[in-house]
Amino acid sequence: MRKSFLYTLAITLFLVSCKKENETTNTNTQENIPSTETVPMGDNDSIKKDSVIEVVKESVSPMIQENGFYTGLVLPKDKKLRDSVYAEFSKKYSERERYTILALNRLDSKSKWNADTLVVPTKIDTTMMAYSPFPMQLDVLSNVKKFVVFSYPIQAYGVYSNGSLVKWGPTSMGSKAAKTKTGLMFANWKKKLAISTVSDEWKLPYNVNVHNTLGIGWHEYTLPGYPASHSCLRLLKKDAQWLYSYADTWILNPGGTTLKANGTPVVIFGEYPWGGRKPWRKLLNDPNANNISVEEMTQLIEPNIEKIIKEQSNRERVADSIKTAKALAAPAQAEASGS
């Protein structure tokens with residue numbers, strides 16, 4: 001039934017040869033470039049705005065093809081035909097399966113029209129772990145309790161706990177005109193609904209700041225199928241909620257002016273293939289095209305592992321001392337309230 005569905009579409013839509021994609025950024029946006037104001041220690045309301053950058057849609061689609069792992073589903077430009085295709089798409093796949101397919105194409109449900117071809121797995125795994133481009137195990141992180149990595153080249157994030165991959169998903173990072181800073185960072189402060197300092201109309205749900213000076217953070221926002229943010233790390237709502245709960249924030253002194261311990265370590269790396277074929281589209285030719293090897297990840301993390309472990313140990317000491325201080329203060333507080 002799956003094949004007949006796809007080939008019926010092929011006949012209806014027309015088959016064309018694969019052509020290199022060319023994305024052009026439209027710099028005439030209505031939004032201002034965000035400020036680079038820092039967030040005062042303890043002030044969670046001052047953040048940098050994440051703007052929306054419009055780009056030209058993908059160029060001519062490849063023909064419907066199948067490698068045994070992924071299939072290319074061509075979406076016609078004609079609105080009536082496209083509506084018909086999506087109607088069949090909705091009948092064939094459940095809501096969770098559609099969510100998974102769009103996520104693999106770095107899209108949210110509102111942006112499904114942005115693509116002219118969807119990469120569709122032959123077998124749908126709604127956990128997405130079967131399609132992970134990140135290694136399932138990294139020995140270099142075996143002593144690291146929490147670690148988050150963002151890959152610019154494939155627009156994806158991964159989460160490791162003691163070296164085991166526990167989650168991964170899509171992201172939309174900084175556009176070519178406003179690239180996301182790469183390197184080792186740490187989660188600072190977080191807020192469930194952050195308001196931009198540029199305009200109170202710009203709201204960023206489940207925001208976790210990772211660079212206080214530059215105002216970079218991850219949060220829920222539109223995933224249009226390409227790097228579109230103004231340096232922030234956009235996530236689907238469910239992923240933003242999960243990472244919001246997962247990440248540990250910095251620990252400040254009681255006055256909120258001095259950093260005592262860093263939060264969860266975050267590494268952002270690589271360069272997006274600007275103007276080239278979208279990385280996930282390469283899965284149609286090679287199901288392993290986006291995979292990052294253990295060796296590559298190890299080489300990326302090893303230069304930072306000493307600092308990551310050091311900061312983790314420091315955080316544990318600070319957290320323990322705060323816990324002990326609270327325990328010692330509790331009897332005195334109880335006695336005072338009782339009197």
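Each value, and the rule that gives it
Residues numbered from 1 in each chain as written. Predicted model: local features only at pLDDT ≥ 70, side-chain atom pairs only at ≥ 80, totals over all residues. Heavy atoms only, no water. Helix = DSSP H or I, 4+ residues; strand = E, 2+ residues; numbered from the N terminus. Buried < 20%, exposed > 50% of the residue type's maximum accessible area, 1.4 Å probe, protein only. Contact = heavy atoms within 4.5 Å. Areas by Shrake-Rupley, 256 points an atom, 1.4 Å probe, with all protein chains shown as cover. Pairing = 2+ DSSP bridges. Axes fitted to C-alpha atoms, helices over the stretch in contact; angles between N-to-C directions. Salt bridge = Lys/Arg side-chain N within 4 Å of Asp/Glu carboxyl O. Arc of directions from axis to C-beta. Core = buried A, V, L, I, M, F, W, Y, C linked by side-chain atoms within 4.5 Å. Phe/Tyr/Trp six-rings, centres within 6.5 Å; stacked < 30°, edge-to-face > 60°. Lys NZ or Arg CZ within 6 Å of the ring centre and 35° of its normal.

Assigned secondary structure in the protein consists of five helices and 15 strands. In the protein, which comprises 339 residues, the share counted as buried stands at 49%. Contacts in the protein between residues at least 24 apart in sequence constitute 70% of all its contacts with a sequence separation of at least 6. Carbon and sulfur atoms provide 53% of the accessible area of the protein, an area that totals close to 16400 Å².

What follows covers the sheet that holds strand 8 (residues 183-186). The strand order 7-6-5-15-8 describes an open sheet built from five strands, whose pairing is mixed. What marks the edges here is a single partner per strand, and that holds for strand 7 (164-170) and strand 8. Between one strand and the next, the sheet's axes are offset by a mean angle of 20 degrees, whatever the strand orientation. Alignment of strand 5 (residues 147-151) against strand 15 (residues 265-269), held across four bridges, turns out to be parallel. Paired with Val149 across the two strands is Val267, which belongs to strand 15. Each of strand 5, strand 6 (156-161) and strand 7 touches helix 4 (residues 237-246); the most contacted strand, strand 6, lies at about 35 degrees to it.

Turning next to the sheet that holds strand 11 (residues 216-220). Taken together, the four strands give an open sheet; going across it, the order is 9-10-11-12, and neighbouring strands pair in mixed fashion. Each end of this open sheet is capped by a strand with a single partner; those strands are strand 9 (190-195) and strand 12 (233-235). Averaged over all pairs of adjacent strands, the angle between strand axes in this sheet comes to 35 degrees, irrespective of strand direction. Here strand 11 pairs with strand 12 via three bridges, running parallel. Residue pairing for strand 12: His219 is matched across the bridge by Arg234.

For strand 10 (residues 203-211), the buried fraction is high: eight of the nine residues fall into the buried class. Note: strand 10 against strand 11, three bridges, orientation antiparallel. Across the sheet, residue Asn209 finds its bridge partner in strand 11, namely Gly217. What sits between the antiparallel neighbours strand 10 and strand 11 is a turn of four residues, in which Gly215 has the positive phi angle 75 degrees.

Let's shift gears to the environment of Phe147. Residue position: Phe147 is located in strand 5. Between the C-alpha atom of Phe147 and that of Ala247, which follows or precedes it by 100 residues, the distance is 8.8 Å. Aside from chain neighbours lying at most four places away, what touches Phe147 is Leu141, Gly158, Val159, Tyr160, Tyr246, Thr264, Pro265, Val267, Ile301 and Ile308.

In this section: the pattern of salt bridges. The full count for this structure, using the stated rule, is eight salt bridges. Between Glu88 and Lys91 there is a salt bridge; the shortest N-O distance is 4.0 Å. Here Lys91 and Glu88 lie together in helix 2 (residues 79-92), a separation of three residues that amounts to about one turn. With a closest N to O distance of 3.0 Å, Lys179 and Glu271 form a salt bridge. Of this pair, Lys179 sits in the loop between strand 7 and strand 8 while Glu271 sits in the loop between strand 15 and helix 5 (294-338); the two residues are 92 residues apart in sequence, bridging distant segments of the chain.

On to the pairing of strand 3 (residues 70-74), then. The two faces of the sheet receive side chains in turn, since in a regular strand these alternate between them. Of all five residues making up strand 3, five are buried, and the element is well covered by its neighbours. Taking every second residue as pointing to the same face, both faces of strand 3 are buried, with Tyr70, Gly72 and Val74 on one and Thr71 and Leu73 on the other. Across five bridges, strand 3 lies against strand 4 (residues 117-121) in antiparallel orientation. Looking at the pairing, Thr71 lines up with Val120 of strand 4.

A few words on helix 4. Among the residues of helix 4, those classed as buried are Asp239, Ala240, Leu243, Tyr244 and Tyr246. On an axial view of helix 4, the arc spanned by its buried residues comes to 165 degrees, and they lie on one face. Facing away from the buried side of helix 4 by more than 90 degrees, the exposed set consists of Lys238 and Ser245.

Across soluble globular proteins, nonpolar side chains have a tendency to be buried as a group. Membership of the largest hydrophobic core comes to 53 residues, with the highest contact counts inside it found for Phe134, Leu141, Phe147, Phe150, Tyr160 and Trp218. Residues in contact with Phe150, not counting those within four places in the same chain, are Ala156, Tyr157, Thr171, Met173, Trp218, Leu233, Leu235, Val266, Val267, Ile268 and Phe269. Listed in part, the 12 residues of the second largest apolar core include Val85, Tyr86, Leu107 and Ala115.

Despite not being glycine, Met128 shows a phi value in the positive range, around 70 degrees. By the element assignment, Met128 lies in the loop between strand 4 and strand 5. The backbone of Ser231 sits at a positive phi, close to 90 degrees, despite the residue not being glycine. Turning to its location among the elements, Ser231 is positioned in the loop between strand 11 and strand 12.

Before going further, it helps to examine the packing of aromatic side chains. What the rule picks out here adds up to 10 aromatic pairs. Ring centres of Tyr86 and Phe89 lie 5.7 Å apart, and the angle between their planes is 85 degrees; on these two criteria the pair is classed as edge-to-face. Of this pair, Tyr86 and Phe89 both sit in helix 2, three residues apart, roughly one helical turn. On the accessibility criterion, Tyr86 (7% relative accessible area) is buried. Taking relative accessible area as the criterion, Phe89 reaches 3% and is therefore assigned buried. With 5.9 Å between their ring centres and 40 degrees between their planes, Phe150 and Tyr157 make a pair best called tilted. Each member of the pair, Phe150 together with Tyr157, is buried. Aromatic ring contacts, followed pair by pair, group Tyr86, Phe89, Tyr93 and Trp113 into a single cluster. It is Lys146 that lies over the ring of Tyr246; its NZ or CZ is 5.0 Å from the centre. Across the ring face of Trp242, the terminal group of Lys167 is positioned such that the distance to the ring centre comes to 5.6 Å.

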